[in-house]
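Below are the chains, spelled out letter by letter.
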Amino acid sequence: MPLNIVLFEPEIPNNTGNIGRLSLASGSHLHLVKPFGFEIDDKRLKRAGLDYWKHLNITYYDSIAEFFSINADKKMAFLSSHGEKSHWDIDFEDDMFLIFGKESVGLPKDLLEAHKNELFKIPLFSEHIRSLNLANAVSIVVYEGLKKLS
(Lines give C-alpha, C1' and ligand atoms only; values in the text may rest on other atoms or scores of the structure.)
Protein backbone atom coordinates (compact mmCIF):
# COMPACT_ATOMS: atom_id res chain seq x y z
CA MET A 1 0.00 0.00 0.00
CA PRO A 2 1.45 3.35 -0.95
CA LEU A 3 -0.37 5.43 1.72
CA ASN A 4 -2.47 5.03 4.85
CA ILE A 5 -5.48 7.30 5.36
CA VAL A 6 -6.36 7.74 9.04
CA LEU A 7 -9.61 9.31 10.24
CA PHE A 8 -9.73 10.14 13.96
CA GLU A 9 -13.31 9.97 15.19
CA PRO A 10 -15.13 10.70 11.92
CA GLU A 11 -18.60 12.16 12.39
CA ILE A 12 -20.26 12.26 8.97
CA PRO A 13 -20.99 8.93 7.29
CA ASN A 14 -21.09 10.38 3.77
CA ASN A 15 -17.54 11.72 4.17
CA THR A 16 -16.27 8.40 5.48
CA GLY A 17 -18.00 6.54 2.64
CA ASN A 18 -16.45 8.82 0.04
CA ILE A 19 -13.03 8.49 1.68
CA GLY A 20 -13.48 4.72 1.59
CA ARG A 21 -14.04 4.91 -2.16
CA LEU A 22 -10.98 7.15 -2.48
CA SER A 23 -8.84 4.73 -0.49
CA LEU A 24 -9.82 1.88 -2.78
CA ALA A 25 -9.26 3.98 -5.92
CA SER A 26 -5.84 5.15 -4.72
CA GLY A 27 -4.68 1.79 -3.39
CA SER A 28 -4.52 3.20 0.13
CA HIS A 29 -5.25 1.51 3.46
CA LEU A 30 -8.06 3.15 5.46
CA HIS A 31 -7.76 3.36 9.26
CA LEU A 32 -10.85 4.41 11.25
CA VAL A 33 -10.47 5.40 14.89
CA LYS A 34 -13.51 5.28 17.21
CA PRO A 35 -15.72 6.71 18.45
CA PHE A 36 -17.63 7.38 15.24
CA GLY A 37 -20.49 9.84 14.85
CA PHE A 38 -22.49 7.10 13.11
CA GLU A 39 -22.92 3.35 13.02
CA ILE A 40 -20.63 1.52 10.61
CA ASP A 41 -23.69 0.00 8.93
CA ASP A 42 -25.29 3.44 8.45
CA LYS A 43 -27.11 3.54 5.10
CA ARG A 44 -25.52 6.92 4.28
CA LEU A 45 -22.06 5.41 4.66
CA LYS A 46 -23.04 2.46 2.50
CA ARG A 47 -24.60 4.74 -0.13
CA ALA A 48 -21.47 6.92 -0.34
CA GLY A 49 -19.19 3.87 -0.33
CA LEU A 50 -21.50 2.02 -2.72
CA ASP A 51 -20.66 -1.62 -3.18
CA TYR A 52 -16.95 -0.87 -2.80
CA TRP A 53 -16.89 -1.11 0.99
CA LYS A 54 -16.38 -4.87 1.01
CA HIS A 55 -13.21 -4.46 -1.09
CA LEU A 56 -11.49 -1.93 1.17
CA ASN A 57 -8.30 -2.59 3.06
CA ILE A 58 -9.57 -1.21 6.38
CA THR A 59 -8.53 -1.35 10.01
CA TYR A 60 -10.66 -0.23 12.96
CA TYR A 61 -9.31 1.02 16.30
CA ASP A 62 -11.21 1.51 19.55
CA SER A 63 -9.31 4.69 20.46
CA ILE A 64 -6.56 7.08 19.47
CA ALA A 65 -4.38 5.50 22.15
CA GLU A 66 -4.81 2.07 20.54
CA PHE A 67 -3.97 3.50 17.11
CA PHE A 68 -0.70 5.00 18.41
CA SER A 69 0.26 1.92 20.40
CA ILE A 70 0.03 -0.18 17.22
CA ASN A 71 1.52 2.35 14.79
CA ALA A 72 3.97 4.33 16.93
CA ASP A 73 6.93 3.52 14.70
CA LYS A 74 5.29 4.69 11.45
CA LYS A 75 6.04 7.90 9.56
CA MET A 76 3.07 10.26 9.91
CA ALA A 77 1.85 13.59 8.64
CA PHE A 78 -0.92 15.37 10.54
CA LEU A 79 -3.30 17.56 8.55
CA SER A 80 -4.95 20.55 10.17
CA SER A 81 -6.04 24.07 9.31
CA HIS A 82 -3.75 25.05 12.22
CA GLY A 83 -0.63 23.82 10.43
CA GLU A 84 2.07 26.27 9.38
CA LYS A 85 3.58 24.23 6.54
CA SER A 86 1.76 23.39 3.31
CA HIS A 87 0.79 19.84 2.31
CA TRP A 88 3.09 20.45 -0.69
CA ASP A 89 5.99 20.24 1.78
CA ILE A 90 5.19 16.75 3.03
CA ASP A 91 8.06 14.37 2.38
CA PHE A 92 5.85 11.51 1.21
CA GLU A 93 7.06 7.93 1.60
CA ASP A 94 5.49 4.57 0.80
CA ASP A 95 3.36 3.32 3.69
CA MET A 96 3.15 6.81 5.24
CA PHE A 97 0.21 7.59 7.53
CA LEU A 98 -1.86 10.71 6.73
CA ILE A 99 -3.80 11.71 9.85
CA PHE A 100 -7.07 13.68 9.66
CA GLY A 101 -9.33 14.82 12.52
CA LYS A 102 -13.06 14.89 12.97
CA GLU A 103 -15.14 17.23 10.86
CA SER A 104 -16.34 19.53 13.66
CA VAL A 105 -13.07 20.28 15.50
CA GLY A 106 -10.21 18.61 13.64
CA LEU A 107 -7.37 16.95 15.51
CA PRO A 108 -7.11 17.11 19.31
CA LYS A 109 -5.03 20.04 20.58
CA ASP A 110 -2.59 17.76 22.41
CA LEU A 111 -1.77 16.01 19.11
CA LEU A 112 -1.26 19.35 17.37
CA GLU A 113 1.19 20.37 20.09
CA ALA A 114 2.99 17.02 20.18
CA HIS A 115 3.44 16.84 16.39
CA LYS A 116 4.24 20.42 15.36
CA ASN A 117 7.05 19.27 13.07
CA GLU A 118 4.72 16.88 11.22
CA LEU A 119 1.76 19.30 11.01
CA PHE A 120 0.59 20.47 7.58
CA LYS A 121 -2.32 22.36 6.07
CA ILE A 122 -3.91 22.73 2.68
CA PRO A 123 -3.53 26.40 1.68
CA LEU A 124 -6.78 28.33 1.42
CA PHE A 125 -6.83 31.42 -0.75
CA SER A 126 -9.95 33.10 0.59
CA GLU A 127 -10.49 34.75 3.95
CA HIS A 128 -14.14 33.65 3.80
CA ILE A 129 -13.50 29.94 4.41
CA ARG A 130 -12.17 28.18 7.53
CA SER A 131 -11.57 24.74 6.11
CA LEU A 132 -12.37 22.26 3.37
CA ASN A 133 -14.76 19.32 3.52
CA LEU A 134 -12.92 16.34 5.00
CA ALA A 135 -13.42 14.09 1.95
CA ASN A 136 -12.09 16.85 -0.33
CA ALA A 137 -9.09 17.48 1.93
CA VAL A 138 -8.18 13.79 2.04
CA SER A 139 -8.44 13.59 -1.76
CA ILE A 140 -6.14 16.55 -2.26
CA VAL A 141 -3.45 15.20 0.04
CA VAL A 142 -3.63 11.57 -1.10
CA TYR A 143 -3.30 12.40 -4.78
CA GLU A 144 -0.47 14.87 -4.08
CA GLY A 145 1.27 11.99 -2.30
CA LEU A 146 0.67 9.57 -5.17
CA LYS A 147 2.02 12.15 -7.61
CA LYS A 148 5.22 12.54 -5.58
CA LEU A 149 5.61 8.77 -5.11
CA SER A 150 5.18 7.94 -8.80
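Above this text is the structure in question.
Keep in mind the model is a prediction, meaning the values are calculated, not measured. (Residues numbered from 1 in each chain as written. Predicted model: local features only at pLDDT ≥ 70, side-chain atom pairs only at ≥ 80, totals over all residues. Heavy atoms only, no water.)

Visitor: Now, about unusual backbone geometry: what can you tell me, with residues and values included?
Guide: Following Lys 34, the chain continues into Pro 35 via a peptide bond in cis, with omega recorded as 5°. Relative to the helices and strands, Pro 35 is located in the loop between β2 (29-33) and α2 (43-49). (Helix = DSSP H or I, 4+ residues; strand = E, 2+ residues; numbered from the N terminus.)

Visitor: Provide a residue-level description of the side chain of Asn 4, including the pertinent values.
Guide: As for its placement among the helices and strands, Asn 4 is situated in strand β1 (residues 3-8). Separated by 2.8 Å, the side chains of Asn 4 and His 31 make a polar contact. If we skip the residues at most four places from it in the chain, Asn 4 touches His 29, His 31, Asp 95, Met 96, Phe 97 and Leu 98. (Polar contact = N/O pair within 3.5 Å; in protein donor to acceptor, adjacent residues only side chain to side chain. Contact = heavy atoms within 4.5 Å.)

Visitor: I'd like a description of the environment of Glu 11, backed by residues and values.
Guide: Following the sequence through the fold, Glu 11 ends up in the loop between β1 and α1 (13-26). Sequence-wise, Glu 11 and Phe 36 are 25 residues apart; in three dimensions their C-alpha atoms are separated by 5.6 Å. Apart from the residues lying within four places of it in its own chain, the contact partners of Glu 11 are Gly 37, Phe 38, Lys 102, Glu 103 and Ser 104.

Visitor: Quick one: what's the story with the packing of aromatic side chains, residue by residue and with numbers?
Guide: Under the definition given, this model contains seven aromatic pairs. Their ring planes at 65° and their centres at 5.9 Å tell us that Phe 8 and Phe 68 sit as a pair that is edge-to-face. Within this pair, whereas Phe 8 is found in strand β1, its partner Phe 68 is found in helix α3 (residues 64-71), the two being separated by 60 residues in sequence. For the pair Phe 8 and Phe 68, one class covers both residues: buried. When the centroid spacing of 6.4 Å and the interplanar angle of 25° are considered together, the rings of Phe 68 and Phe 78 count as stacked. (Phe/Tyr/Trp six-rings, centres within 6.5 Å; stacked < 30°, edge-to-face > 60°. Buried < 20%, exposed > 50% of the residue type's maximum accessible area, 1.4 Å probe, protein only.)

Visitor: Give me the sheet that holds strand β4 (residues 76-79): which residues, what numbers.
Guide: Strand order in this open sheet of seven strands is β3-β2-β1-β6-β4-β7-β5, and the pairing throughout is parallel. In this open sheet, the two strands that pair with only one neighbour each are β3 (58-61) and β5 (85-86). Sitting on the sheet, α1 touches β1 and β2, and the angle it makes with β1 is about 170°. (Pairing = 2+ DSSP bridges. Axes fitted to C-alpha atoms, helices over the stretch in contact; angles between N-to-C directions.)

Visitor: Give me helix α5 (residues 134-149): which residues, what numbers.
Guide: For α5, which comprises 16 residues, the first-to-last C-alpha distance of 22 Å matches the rise-based estimate of 22 Å (1.5 Å per residue) to within 8%. The complete set of buried residues in α5 reads Leu 134, Ala 135, Ala 137, Val 138, Val 141, Val 142, Glu 144, Gly 145 and Leu 146. Here the buried face of α5 lies against β1, α1, β4 and β6 (96-100). Capping of α5 at its N-terminal end is provided by Asn 133; its side-chain oxygen lies 2.8 Å from the backbone amide nitrogen of Ala 135. (Expected span 1.5 Å × (residues − 1).)

Visitor: If you had to explain the side chain of Asn 71 to someone new, which residues and values would you point to?
Guide: Inspection of the secondary structure puts Asn 71 in helix α3. We classify Asn 71 as buried; its relative accessible area is 5%. A distance of 3.2 Å separates polar atoms of two side chains, one belonging to Asn 71 and the other to Tyr 61. Not counting residues up to four positions away in its chain, the partners in contact with Asn 71 are Tyr 61, Met 76 and Phe 97.

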